[in-house]
Amino acid sequence: MASLNVGNLGEYLREQRRTAQLSLRQLADAAGVSNPYLSQIERGLRKPSAEVLQQVAKALRISAETLYVRAGILDEREREELETRAVILADPSINERQKQVLLQIYESFRKENGLDDESAKPMDAAADGPRTADGSGADNPQL
């Protein structure tokens, strides 16, 4: 079977598995895929779906987006944007309104730098809340 062009995904997975001190069989079991299938992915003989990559990433406790980039499913810039948004949304030290304001500021900087695309829209317009006369959405957004 000829090697597929999946970048260095297989090598990267093998390295991550060894770093996690998992055997091929242990990782396959944890990810819910067969041992031979995972072996073929590591050797570059199979190109896994995004779902399989997500399961493997979860088992390895690494970013699924990183695997998507290595598999050619996701562009590096898209991964960075998704991770930035995820970090903002996951921060427990700021409230939902503050998260939305940060995302809007992030979008405006991306637009200013010419990185505007359809994925740069607010993640939840409903959580945006009412706007004040100055357009800020709150009298004191507590940034």
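Residues numbered from 1 in each chain as written. Predicted model: local features only at pLDDT ≥ 70, side-chain atom pairs only at ≥ 80, totals over all residues. Heavy atoms only, no water.

A.B. asks: Can you walk me through the pattern of salt bridges in this structure?
C.D. replies: Side-chain pairing between opposite charges can occur once the charged atoms of the two side chains come close. Scanning the entire structure with this criterion turns up five salt bridges. Here E42 and R17 are joined by a salt bridge, their closest N and O atoms 2.7 Å apart. Pair noted here: E42 is in helix α3 (residues 35-42) and R17 is in helix α1 (residues 9-19), with a separation of 25 residues, a long-range link. Relative accessible area serves as the criterion here: at 6%, E42 is assigned to the buried category. Classification of R17 as buried rests on a relative accessible area of 10%. One salt bridge in this structure joins E81 and R110, with 3.1 Å as the shortest N-O distance. Note that E81 is positioned in helix α6 (residues 76-90) and R110 in helix α7 (residues 96-112), a separation of 29 residues in sequence. Taking relative accessible area as the criterion, E81 reaches 4% and is therefore assigned buried. Its relative accessible area of 7% is what places R110 among the buried residues. Several salt bridges share partner residues, and in doing so they unite R14, R17 and E42 into one network. (Salt bridge = Lys/Arg side-chain N within 4 Å of Asp/Glu carboxyl O. Helix = DSSP H or I, 4+ residues; strand = E, 2+ residues; numbered from the N terminus. Buried < 20%, exposed > 50% of the residue type's maximum accessible area, 1.4 Å probe, protein only.)

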